[in-house]
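Spelled out, the chains give:
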Amino acid sequence: MRLPRPNLPRPKLPKPGFPADHPPGPTRPSFWRSPLRGPWLTSILGSALAPLILVCAFTGFLSQAAYNPALGNNSLLPGGGLGVDLYFFSWPTSPSFLYALTQGVHVTSGLLAIPILLAKLWSVMPKLFEWPPIRSIAHALERASLALLVGGSIFVFFTGLLNIQVFYPWPFRFLPAHYYGAFVFMAAFLLHIGLKIPVARRTFREQGVLRPLRADLEHTEPEPYVEGHVAPLEPDRPTISRRAMLATVGAASLGAGFIAASQSIGGPLRSLGLLAPRSTQLNDGPNGFQINKTLAKVNLTRDDIGPNWRLVLQGGEERILSREELLAMPQHTYDLPIACVEGWSTTQSWTGVRLRDLATLAGAPGASQVLVESLQKGGALREVTLSSGQIADERSLLALRVNGVDLSPDHGYPARVIVPAAPGVHQTKWVGAMKFEAA
Ligand code: HEM
Ligand SMILES: Nc1nc2c(c(=O)[nH]1)N[C@H]1C(S)=C(S)[C@@H](COP(=O)(O)O)O[C@H]1N2
Ligand SMILES: [Mo]
């Protein structure tokens, strides 16, 4: 079906509602009056949105891979992900900022997309009230796919958005919901862009990609009405030009994206990301950087981490080490980031014992994996399994000190794991035991 050229006269149609058998309200084409709505506006918003969604989805699925979900209980999905985890490769340790980058891009592209998504949904609103709601089996299937597209996008974006605010107002677990929601949304999205790319290309051919942006308010004309499409049957006078509307959406998008980027890049930028949930340092001291979970929050006491603390190493043989004994081993210092899954990161200078030295000490040189157990009693982060590549990297540490001083209790004293490029959730604090598996 071809859309008429924009300069064709608009069809004369009976007022008020057309056709007369539509129930009153939004199912009537005459209900929708914005003169900005039309295929060009939808196409330009869709063209801006689609690449952001693809980048967001790609980096989201990478986040799942970064957990090395095939190892131990790393997969946070029920039943290990019902066989849909991405197990293709072992997550690398270089570059050390890899997860800060992929997760920063995930959250930033997601926030950049939200204002554009809302504008796009607004631009197609009349379609959602199409009448009659179902005309044929093919039409029913198309509408079902749109329900998954709209519902899926809202679900995935808003669970993500609330998660980075560390706000969980729902009874289900975030990660599986967001993950399976992403599959549904992506299936509907790929079908949708497959169907709509030809429509957008035709619209751009007829109206130009950027030509409608030249019109100021006075010259803002409605797009031609075509039955079943989004341009208005009875347009009101415009109160804003298309370019002003798009500039507003663009500014909202850049503003939201900047907040996310500021806390994943960190440094001086962080203080500019005003609404970022983790935007500020706690203080200027060596242990002054962000804390997600304090000692008190995981029900540990100062006694648990006091002088009686011991690290239990298992491998070929069991070794029990005090903090003094660990400090007597060769110490190494590296600048490495903690990159939280929620999209903030912070690079600090960590000092401690190499994981591979601990593997050797435990009688498992070149270990194939290690189960790291926290003293913390419950919670998904109580234990994490690290891969052979993560153990072998010389920068992977059981850190005892940070920025030249002992770790603070809230940062994992007596000892915490720091592995380059690993997601924050794998940088276990208050380590109690490390169980190496021989190569
Ligand atoms: C504003 C938008 C979004 C935000 C703020 C957001 C946030 C997040 C966060 C914080 C995680 C890490 C969760 C964790 O590991 O604990 C995550 C993972 C993920 N996201 Fe998003 N997300 C957004 C949009 C999307 C979209 C549009 C998709 C698309 C398809 C998507 C797909 C995924 C996937 C597949 C994962 C991996 C889940 C796993 O590790 O099992 N996200 N997202
Ligand atoms: N034992 C334990 N280790 C943990 C956590 C935790 O809750 N318990 N939080 C993890 C998360 S989600 C991150 S991002 C990093 C940094 O968290 P922090 O800022 O609370 O130190 O530590 C990780 N290590
Ligand atoms: Mo985290």
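Residues numbered from 1 in each chain as written. Chains lettered and ligands numbered in written order. Predicted model: local features only at pLDDT ≥ 70, side-chain atom pairs only at ≥ 80, totals over all residues. Heavy atoms only, no water.

### With respect to the nonpolar core
Point 1. Judged by nonpolar contacts, the single largest core of 40 residues is most densely connected at Leu-41, Leu-45, Ile-53, Phe-157, Phe-185, Met-186 and Phe-189.
Point 2. Among the elements of the structure, helix 1 (39-66), helix 2 (98-123), helix 4 (137-164), helix 5 (174-207) and helix 6 (242-265) are those that each provide at least two residues to this core.
Point 3. For this core, the element with the highest residue contribution is helix 1, accounting for 10 residues.
Point 4. Each residue touching Met-186, except ones within four places of it in the same chain, is listed here: Ile-53, Leu-54, Ala-57 and Phe-61.
Point 5. The next biggest cluster of nonpolar side chains, apart from the first, holds 27 residues, and it includes Trp-309, Ala-362, Val-384 and Phe-436. (Core = buried A, V, L, I, M, F, W, Y, C linked by side-chain atoms within 4.5 Å. Buried < 20%, exposed > 50% of the residue type's maximum accessible area, 1.4 Å probe, protein only. Helix = DSSP H or I, 4+ residues; strand = E, 2+ residues; numbered from the N terminus. Contact = heavy atoms within 4.5 Å.)

### A closer look at the sheet that holds strand 1 (residues 311-314)
Point 1. Strand order across the open sheet formed by five strands is 2-1-10-5-6, with mixed pairing between neighbours. Lying at the two open borders of the sheet, with one neighbouring strand each, are strand 2 (319-321) and strand 6 (383-387). Across the sheet, the mean angle from the axis of one strand to that of its neighbour is 15°, orientation sign disregarded.
Point 2. As judged from the three bridges shared by strand 1 and strand 10 (residues 431-437), these two strands associate in the parallel manner. By the bridge assignment for strand 10, Val-312 is matched with Ala-433. (Pairing = 2+ DSSP bridges. Axes fitted to C-alpha atoms, helices over the stretch in contact; angles between N-to-C directions.)

### Side note on the site of ligand 1
Point 1. As a structural note, the neighbourhood of ligand 1 is formed by 26 residues, with Gly-60, Gln-64, Tyr-67, His-106 and His-178 the closest of them.
Point 2. One nitrogen or oxygen atom from the side chain of Tyr-67 is found 2.6 Å from an oxygen atom belonging to ligand 1.
Point 3. One of the side-chain nitrogen or oxygen atoms of His-178 is found 2.8 Å away from a nitrogen atom of ligand 1.
Point 4. Of all the secondary structure elements, the ones that give two or more residues to the shell around ligand 1 are helix 1, helix 2, helix 4 and helix 5.
Point 5. The element contributing the most residues to the shell around ligand 1 is helix 5, with seven residues.
Point 6. Broken down by class, the residue content of the shell around ligand 1 amounts to 17 nonpolar, eight polar and one charged. (Near = heavy atom within 4 Å. Polar contact = N/O pair within 3.5 Å; in protein donor to acceptor, adjacent residues only side chain to side chain. Nonpolar A, V, L, I, M, F, W, Y, C, P; charged D, E, K, R; others polar.)

### What to know about helix 6
Point 1. Between its first and last C-alpha atoms helix 6 spans 33 Å; for 24 residues at 1.5 Å apiece the expected length is 34 Å, and the two agree.
Point 2. Inspection of helix 6 places Arg-242, Met-245, Leu-246, Val-249, Ser-253, Gly-257, Ile-259, Ala-260, Ala-261, Ser-262, Gln-263 and Ser-264 among the buried residues, and these make up the whole buried set.
Point 3. Elements that come into contact with the buried residues of helix 6 comprise helix 1, helix 2 and strand 4 (345-354).
Point 4. Where helix 6 terminates, the next one or two residues include Gly-266, which has phi positive at roughly 75°. (Expected span 1.5 Å × (residues − 1).)

### A closer look at unusual backbone geometry
Point 1. The omega torsion across Ser-94 and Pro-95 is -10°, close enough to zero to call that bond cis.
Point 2. In this fold, Pro-95 is placed in the loop between helix 1 and helix 2.
Point 3. Residue Pro-414 is bonded to the preceding Tyr-413 through a cis peptide linkage, with omega at 10°.
Point 4. Assignment of secondary structure puts Pro-414 in the loop between strand 8 (405-406) and strand 9 (416-418).
Point 5. Here the phi dihedral of Asn-299 falls at roughly 60°; this positive angle occurs in a residue that is not glycine.

### Points about the pattern of salt bridges
Point 1. For the structure on display, the rule yields nine salt bridges.
Point 2. Between Glu-130 and Arg-143 there is a salt bridge whose closest N-O contact spans 4.0 Å. You can see Glu-130 sitting in the loop between helix 3 (125-128) and helix 4 and its partner Arg-143 sitting in helix 4, a full 13 residues away along the chain.
Point 3. Using a relative accessible area of 14% as the deciding quantity, one classes Glu-130 as buried.
Point 4. Across the pair Glu-383 and Arg-382 runs a salt bridge, and its minimum N-O distance is 3.6 Å.
Point 5. Taking relative accessible area as the criterion, Glu-383 reaches 22% and is therefore assigned partly exposed.
Point 6. One salt-bridge network, held together by shared partners, links Lys-127, Glu-130 and Arg-143. (Salt bridge = Lys/Arg side-chain N within 4 Å of Asp/Glu carboxyl O.)

### As for the coordination of the iron atom of ligand 1
Point 1. All of the protein donors around the iron atom of ligand 1 are His-106 (NE2) and His-178 (NE2); their distances to the metal are 2.0 Å.
Point 2. Considering all six donor atoms around the iron atom of ligand 1, the spread of angles at the metal, 82 to 179°, places the coordination shape in the octahedral class. In this pair, His-106 is assigned in helix 2 and His-178 in helix 5, connecting sequence segments 72 residues apart.
Point 3. Looking at His-178, the relative accessible area reads 15%, which means it is buried. (Donors = N, O, S within 2.8 Å, 3.2 Å for Na, K, Ca; no water. Tetrahedral: all angles 85-135°; square planar, octahedral: opposite > 155°, others 65-115°.)

### Structural notes on the packing of aromatic side chains
Point 1. Under the counting rule described, the total for this entry stands at 12 aromatic pairs.
Point 2. Residues Trp-91 and Tyr-99 carry aromatic rings whose centres are separated by 6.4 Å and whose planes lie at 75° to one another, so their mutual orientation is edge-to-face. Just as Trp-91 is buried, Tyr-99 falls in that class too.
Point 3. Each ring, one from Phe-185 and one from Phe-189, has its centre 5.9 Å from the other, and the planes form 45°; the classification is tilted. One end of the pair is Phe-185 and the other is Phe-189, both in helix 5 and four residues apart, which spans about a single turn.
Point 4. In this structure Phe-185 comes out as buried when scored by relative accessible area, which is 5%.
Point 5. By way of ring pairs, the aromatic residues Phe-61, Tyr-179, Tyr-180 and Phe-183 are connected into one cluster.
Point 6. One Lys or Arg, Arg-37, reaches over the ring of Trp-122 and ends 4.2 Å from the middle of that ring. (Phe/Tyr/Trp six-rings, centres within 6.5 Å; stacked < 30°, edge-to-face > 60°. Lys NZ or Arg CZ within 6 Å of the ring centre and 35° of its normal.)

### Looking at the packing of helix 2 against helix 6
Point 1. At a minimum axis separation of 8 Å, helix 2 and helix 6 run at an interaxial angle of 160°. Here helix 2 is positioned roughly antiparallel relative to helix 6, judged by the angle of their axes. Between helix 2 and helix 6 the crossing geometry is right-handed. Seen from helix 2, the contacting residues are Ala-100, Gly-104, Val-107, Thr-108, Leu-111, Leu-112, Pro-115, Ile-116, Ala-119 and Trp-122; seen from helix 6, they are Met-245, Val-249, Ala-252, Ser-253, Leu-254, Ala-256, Gly-257, Ala-260, Ala-261 and Ser-264.
Point 2. Looking at the contact of helix 2 with helix 6 residue by residue, the class counts come to 15 nonpolar, five polar and no charged. (Parallel < 35°, antiparallel > 145°, perpendicular 65-115°, else oblique. Left-handed = near helix turned anticlockwise from the far one by under 90°.)

That is the geometry; function is a separate question.
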